4 protein chains.
Amino acid sequence: MNFASDNTAAIAPEILQGIARASDGFALGYGNDDLTQKVARRIGDLFGREAAVFFVSTGTAANALSLAQVTPPWGAVLCHAESHIVTDECGAPEFFGDGLKLIGLDGEGGRLKPEAVSAAIEKYSGHRPHQVNAASLSLTQATEAGTVYRIEEVAALAAAAHAHGLKVHMDGSRIANALVGLNASPAQATWEAGIDVLSFGATKGGALAAEAVVFFDPKIADTMHERRKRGGHLLSKHRFLAAQFDAYLADDCWLRLARHANGLAQKLGAGLAAAGFPPVWPVEANLVFVILPKRIETKLKAAGASFYARNSDSLPAGRTIGHDEVLLRLVTSFATRPDEVDRFVDMVRGG
Amino acid sequence: MNFASDNTAAIAPEILQGIARASDGFALGYGNDDLTQKVARRIGDLFGREAAVFFVSTGTAANALSLAQVTPPWGAVLCHAESHIVTDECGAPEFFGDGLKLIGLDGEGGRLKPEAVSAAIEKYSGHRPHQVNAASLSLTQATEAGTVYRIEEVAALAAAAHAHGLKVHMDGSRIANALVGLNASPAQATWEAGIDVLSFGATKGGALAAEAVVFFDPKIADTMHERRKRGGHLLSKHRFLAAQFDAYLADDCWLRLARHANGLAQKLGAGLAAAGFPPVWPVEANLVFVILPKRIETKLKAAGASFYARNSDSLPAGRTIGHDEVLLRLVTSFATRPDEVDRFVDMVRGG
Amino acid sequence: MNFASDNTAAIAPEILQGIARASDGFALGYGNDDLTQKVARRIGDLFGREAAVFFVSTGTAANALSLAQVTPPWGAVLCHAESHIVTDECGAPEFFGDGLKLIGLDGEGGRLKPEAVSAAIEKYSGHRPHQVNAASLSLTQATEAGTVYRIEEVAALAAAAHAHGLKVHMDGSRIANALVGLNASPAQATWEAGIDVLSFGATKGGALAAEAVVFFDPKIADTMHERRKRGGHLLSKHRFLAAQFDAYLADDCWLRLARHANGLAQKLGAGLAAAGFPPVWPVEANLVFVILPKRIETKLKAAGASFYARNSDSLPAGRTIGHDEVLLRLVTSFATRPDEVDRFVDMVRGG
Amino acid sequence: MNFASDNTAAIAPEILQGIARASDGFALGYGNDDLTQKVARRIGDLFGREAAVFFVSTGTAANALSLAQVTPPWGAVLCHAESHIVTDECGAPEFFGDGLKLIGLDGEGGRLKPEAVSAAIEKYSGHRPHQVNAASLSLTQATEAGTVYRIEEVAALAAAAHAHGLKVHMDGSRIANALVGLNASPAQATWEAGIDVLSFGATKGGALAAEAVVFFDPKIADTMHERRKRGGHLLSKHRFLAAQFDAYLADDCWLRLARHANGLAQKLGAGLAAAGFPPVWPVEANLVFVILPKRIETKLKAAGASFYARNSDSLPAGRTIGHDEVLLRLVTSFATRPDEVDRFVDMVRGG
């Protein structure tokens with residue numbers, strides 16, 4: 001019953017095989033190998049346009065490098081107050097961005113609203129050079145709350161940003177989970193809706209450690225090679241980053257794995273609801289948030305269940321966490337088994 | 001005939017199996033898993049003392065994080081003018097060190113001399129706060145020239161540094177190759193000789209992407225967790241970094257692989273010498289530098305040989321590269337085959 | 001009728017004379033002159049204890065250098081959401097602090113409450129190394145809203161911070177104005193109440209450009225010399241920074257000038273209140289905030305009055321700015337004349 | 001007999017009067033005042049073209065901000081190994097440039113040669129993204145050795161840089177002294193010879209603290225406002241920076257003061273030569289370098305003479321400093337008196 005994180009899962013067998021397959025003979029280092037070139041083109045094809053693709057090994061690196069590329073040191077990144085870049089990256093965006101500022105905005109269920117973004121842009125425009133000015137917007141898809149922006153919501157947010165010259169970044173560490181729910185193409189979900197640069201995650205989806213930064217306008221990526229290198233993020237045996245994506249994308253493996261994870265999240269959410277504990281937010285990806293009595297939490301832990309308690313300032317209006325309650329974040333992955341879900345729900349139902 | 005770099009090799013089979021073995025079930029992320037703890041202890045045991053061990057995925061990250069940890073932004077790192085940190089890391093040490101300065105010193109065959117270090121320390125001491133002051137010394141072992149510092153040379157250099165309060169870093173991306181030649185224990189080659197922090201490389205030795213920063217005094221590592229995280233270098237599925245080291249160190253795999261590489265470098269060097277082209281520097285690790293007529297270089301390339309030409313300001317006194325000559329760097333690895341060496345030497349001999 | 005800012009005033013005559021007096025003969029540069037030493041000691045005496053004093057020429061430099069000295073790059077500075085360091089320094093604290101994070105907290109009238117600080121400390125503690133942790137607290141005295149913390153309020157805030165190991169910084173660009181209102185000694189208002197480092201402003205009080213960073217515990221200032229120098233803030237003809245403070249502090253000049261400014265702010269506030277427009281916050285220093293009909297604002301501007309309109313999220317409960325109203329910030333200084341205040345109030349009263 | 005530095009002098013009376021004159025009434029802060037606008041235009045006129053002018057209070061700030069503006073963090077600045085930016089700014093260029101690298105080149109008498117610059121450009125070009133690439137060239141005029149580049153030398157150096165896309169910076173902390181010797185117009189000595197950005201110093205020439213960064217192509221200055229502000233270098237009472245330049249430039253005051261300083265340096269150099277101690281380098285500005293027996297140095301100090309001993313690796317071929325000798329740097333300024341020079345020379349002659 002491991003629901004702690006999708007990164008507690010191992011490597012998906014398809015990807016492990018891909019790594020093994022690539023471990024054959026010699027190949028140029030630092031991304032000059034054929035496989036890297038091939039997979040970069042493949043990602044361009046997947047999104048239906050020319051793109052500049054940079055592989056790195058962590059999501060934090062992907063996000064921080066992306067944001068630094070589209071935000072000057074005296075610029076601000078607008079983002080959700082509970083987004084990963086704000087709460088869980090130990091200042092990596094500020095470090096890579098030489099002191100740029102993250103402006104955390106509120107929004108229910110981890111989602112930003114265009115009005116809030118527009119208001120923040122207005123607040124962080126002008127009064128130069130005294131005030132940092134908004135330079136970019138970062139959206140997380142799926143969000144840290146397990147919700148998914150509709151395509152038209154992304155488009156409205158991006159339009160609000162573009163209207164004032166901001167670039168739009170998407171933290172897609174769970175982009176596969178979002179796509180499965182959206183029933184949209186990668187292109188529709190990203191650049192067609194206004195995304196300029198995507199952190200395309202594979203690690204949470206099943207890779208060992210592989211993320212791709214995808215610039216939909218290669219021109220804005222012109223100094224990314226140097227930025228990645230001096231960040232220590234240019235792997236020498238680079239083919240193995242590409243190999244992970246190669247296997248991940250082959251035969252829709254990535255969507256199949258995400259569909260599995262999402263399906264079990266749905267099952268988990270439905271089970272909890274039936275047990276009297278409806279998820280706090282709609283279950284649209286592979287995360288389920290639920291408020292449980294602490295008593296049940298204790299029982300679950302005693303039974304070996306693994307998960308994290310969270311706080312949130314973006315609960316639905318009216319929802320609060322009682323003194324003897326706790327907000328749990330439950331994450332499913334390609335490796336989660338239905339029987340674990342059943343067992344977990346049974347224990348909750350048992351009270 | 002791939003002699004371009006030891007990072008053009010694939011993953012050593014033992015390490016690939018180690019990764020596969022670790023890809024089983026769930027494990028806590030971010031280094032909180034059992035395997036990471038176990039392998040960190042194992043590395044401490046290998047060096048015969050308590051140590052603070054941090055795994056990362058690139059040598060540049062290992063070096064830059066190490067140096068930033070022991071050098072203030074207004075400090076200088078003394079190092080060889082042709083060391084990797086100076087010539088091949090795109091300013092990563094300066095970036096992670098918030099503007100620290102690298103002072104490249106001359107030295108034949110990639111090796112620093114204690115007198116040069118002492119003179120530099122004298123030059124970069126005092127005149128504060130106008131001048132950056134020497135704060136650390138970085139040695140590369142084996143050096144970029146394929147030479148190896150004797151234990152007593154390391155000790156003399158470290159003593160010169162410690163006498164003025166500098167910390168001593170060793171870039172050990174090829175530490176295994178050095179140890180094989182030195183016939184010394186890991187402890188003797190590092191902290192017993194005065195090394196304070198080691199970039200312990202495994203990638204060039206056969207790993208996919210795994211390096212360990214080893215602080216022999218855990219106290220100087222106190223903020224390394226945050227530094228690594230905000231550098232984007234804390235892998236979520238961290239067990240797979242540990243797994244690579246686990247396999248690499250098991251049954252002396254690392255030394256066996258290095259011995260293979262070094263042996264073929266010796267063979268290559270001896271063959272070239274016999275053909276009338278003695279290596280420029282003694283072949284003490286897995287690199288061979290040789291000056292060849294451009295005519296032969298052309299022929300080798302036409303035959304599919306892969307290698308890089310280099311420049312160097314640290315040639316032995318009197319050695320020069322003629323107008324129609326070229327200095328080649330030839331690197332062997334665990335994956336190099338004897339017949340490749342034979343074929344290469346035959347072609348050189350053929351003229 | 002210039003109420004735009006206290007930095008629109010010229011140099012106070014006493015200070016200009018001080019500069020002229022110091023411009024005599026040769027003196028060592030970079031702070032090694034006798035006058036600098038003397039004035040630094042004098043500031044220590046003023047505060048009744050040994051202190052490490054560093055002169056710089058701007059308040060932004062004083063604040064950013066102070067905060068960088070007490071906050072690691074992976075640390076957070078707690079401060080008011082509308083403090084100068086957040087809204088008007090273009091990311092200087094983040095720049096000097098190599099990416100540190102400012103956490104802006106709410107608080108009516110520009111003032112923080114201990115409970116809010118304690119809650120923020122709890123939120124920004126632990127979860128390391130993923131989350132930046134609170135490392136310092138910055139208070140502005142007098143605040144940007146023209147209010148003044150009571151001594152016991154400062155003490156309670158500092159105690160909340162110290163309880164968790166945070167250092168406490170005071171942005172005292174208007175410390176003289178605060179002291180005049182508090183009727184407290186410099187020692188009581190700062191280190192006796194728990195302040196660790198003070199940006200001691202003189203520019204707004206009447207200097208050309210002079211601020212002193214005062215560390216009440218010299219040990220935490222150990223690398224400040226280098227930090228100031230590489231920030232470009234070590235003036236070569238340093239004696240002229242000291243000379244400004246020398247004249248500013250002589251014969252209580254600084255308090256006399258501040259008393260003048262505060263007195264006219266009181267007069268202005270009382271006049272506006274009598275005219276039916278009571279100041280938004282109590283007038284405790286040299287700033288008056290008032291909500292006026294836009295119609296009157298237009299008339300004032302037409303008559304040559306100079307001031308800035310502001311927004312604020314820290315209005316008293318219930319106070320709002322109507323659609324046809326505007327919040328004005330009116331600042332007095334040593335150079336403000338009573339007749340300007342009278343004329344301004346008359347115009348407002350005229351409606 | 002103060003020959004320690006031109007920054008040990010006081011404020012030139014003309015400039016002090018200028019400050020006093022500007023200290024009258026209210027003026028907008030942060031450079032929005034009329035005087036700043038006027039003086040910026042005046043500087044443009046002085047150079048005979050449109051220019052973007054930014055005032056700051058230290059030479060280190062002027063240099064570091066300039067270099068950061070024309071060099072990316074992964075770029076290198078080529079400069080003399082003994083230039084002020086390398087030896088005396090405590091890493092300010094690296095700090096403001098987010099880790100850029102200074103490449104110190106050799107050159108006799110503090111002067112770079114075009115061939116050395118071209119060779120360095122070739123060395124620091126390509127091999128991207130592993131190696132930092134040369135992005136700018138910084139020349140000091142007059143040099144730290146007291147020599148002055150001829151116009152055609154500047155032009156040749158700038159041409160070598162421009163041929164490969166580098167920008168050219170001039171550290172003109174002593175530009176007035178250079179111009180006096182060159183008998184050239186400011187335009188001829190700078191942008192007409194290929195300078196892109198100038199640190200135009202006034203402090204060493206007689207100001208309290210005033211330097212102007214002059215971009216001859218305003219387009220490359222587009223983010224300089226923010227860079228200066230977040231560096232803490234935007235003075236609030238900004239008119240007083242402008243006032244210093246206003247007085248300094250009026251009626252050729254700056255050139256008159258420099259001519260005085262240069263004349264006394266000539267006199268000093270000639271006197272020392274006649275005494276048997278010819279200056280090490282030609283005396284072309286306001287610095288004289290001379291090798292003296294330590295015995296005489298001791299005597300001079302005992303008599304109250306003030307100066308610094310230096311080391312240099314750029315001595316003329318064949319010149320060395322004997323065991324019982326010392327290399328003295330003697331600096332004259334607007335405040336130096338002829339009788340001090342006479343007395344100094346007499347003492348040297350006395351042996």
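Everything quoted here is computed from the prediction, not taken from an experiment.

Thresholds applied
Just so you know, the residues in each chain are numbered from 1, in the order the chain's sequence is written. To read the labels, note that chains go from A and ligands from 1, taken in the order they are written. Note on the predicted model: pLDDT of at least 70 is required for a residue's local features to be given, and 80 or more for side-chain atom pairs to be given and counted; whole-chain, interface and lining totals, by contrast, use all residues. Water and hydrogen atoms play no part in the side-chain values, which are based on all heavy atoms of the structure. Source of the domain bounds: an automatic or database domain assignment. A contact between two residues is defined here by any heavy atoms of the two lying within 4.5 Å. When two parts are put together, the accessible area they lose, computed with a 1.4 Å probe and summed over both, is reported as buried area. The definition of a polar contact used here is a pair of N or O atoms within 3.5 Å, where within protein one atom must be able to donate a hydrogen and the other to accept one, and adjacent residues in sequence count solely through side-chain atom pairs. What counts as a helix is a DSSP run of H or I of at least four residues, what counts as a strand is a run of E of at least two, and both are numbered from the N terminus. Amino acid classes used here: Ala, Val, Leu, Ile, Met, Phe, Trp, Tyr, Cys and Pro are nonpolar; Asp, Glu, Lys and Arg are charged; the rest, including Gly, are polar. To pair, rings of Phe, Tyr and Trp, with the six-membered ring standing in for Trp, must have centres within 6.5 Å; the planes then decide the type, stacked if under 30 degrees apart, edge-to-face if over 60, and tilted in the middle. A 1.4 Å probe rolled over the protein chains alone gives each residue an accessible area, and that area as a share of the maximum for its type sets the label: buried under 20%, exposed over 50%, partly exposed in between. Consider the ring centre and the ring normal. A charge sits over the ring if Lys NZ or Arg CZ is within 6 Å of that centre and within 35 degrees of that normal. Throughout, an axis means a line fitted to C-alpha atoms (over the contacting stretch in the case of helices), and angles, computed between N-to-C directions, take values from 0 to 180 degrees. Throughout this description, any angle smaller than 35 degrees is read as roughly parallel, any larger than 145 degrees as roughly antiparallel, any in the 65 to 115 degree range as roughly perpendicular, and the remainder as oblique. The hand of a helix crossing depends on one turn: near helix anticlockwise from the far one by less than a right angle means left-handed, and clockwise means right-handed.

**Here's the deal with the domain arrangement of chain A**
All names here are of chain A. One can read the domain layout of chain A as domain 1 (11–251) and domain 2 (254–349). Taking the mean C-alpha position of each, domain 1 and domain 2 sit 27 Å from one another. Tallying the contact residues gives 33 residues for domain 1 and 24 residues for domain 2. Across the domain 1 to domain 2 interface the summed buried area is about 2,200 Å²; carbon plus sulfur atoms make up 56%. Considering only the surface of domain 1 that becomes buried against domain 2, Glu82, Asn177 and Val180 emerge as the three largest contributors, covering 23% of it. Linking domain 1 to domain 2 there are 14 residue pairs in polar contact (both at pLDDT 80 or more). For the side of domain 1 that touches domain 2, the secondary-structure elements that each account for two or more residues are helix H1 (13–22), helix H8 (175–182) and helix H11 (239–249). For the side of domain 1 that touches domain 2, the leading source of residues is H8, giving five residues. Partitioned by chemical class, the residues of the side of domain 1 that touches domain 2 number 14 nonpolar, 11 polar and eight charged.

**Observations concerning the packing of aromatic side chains**
The geometry of an aromatic ring pair is captured by the separation of the ring centres together with the interplanar angle, meaning the angle of the planes. This structure, assessed with the given rule, holds 54 aromatic pairs over all chains. Geometrically, the ring pair formed by Phe47 of chain C and Phe216 of chain C is edge-to-face, given 5.2 Å between the ring centres and 65° between the ring planes. Placement of Phe47 of chain C in helix H2 (residues 34–47) and of Phe216 of chain C in the loop between strand S7 (211–215) and helix H10 (224–230) is noted, with a sequence separation of 169 residues between them. Summarising the burial analysis for this pair, Phe47 of chain C and Phe216 of chain C share the class buried. Here the aromatic rings of Phe95 of chain D and Phe96 of chain D are separated by 5.3 Å at their centres, their planes lie at 70°, and the arrangement is edge-to-face. Site record: aromatic cluster; members linked through ring pairs are Phe47, Phe55, Phe200, Phe216, Phe245, Tyr248 and Trp254 of chain A. The ring of Phe95 of chain B is capped by Arg230 of chain A, whose NZ or CZ atom sits 4.2 Å from the centre of that ring. The ring of Trp191 of chain D has Arg49 of chain D lying over it, and the distance from NZ or CZ to the ring centre is 4.6 Å.

**A few points about the packing of H1 of chain A against H11 of chain A**
Residue and element names in this part refer to chain A. Contact pair H1 / H11: the axes reach a minimum separation of 8 Å and the direction vectors enclose 135°. What the angle tells us is that H1 and H11 run oblique. Crossing hand, H1 versus H11: right-handed. The residues of H11 that touch H1, namely those facing Glu14, Ile15, Gly18, Ile19, Arg21 and Ala22, are Arg239, Phe240, Ala243, Gln244, Ala247 and Tyr248. Considered class by class, the residues forming the contact of H1 with H11 number seven nonpolar, two polar and three charged.

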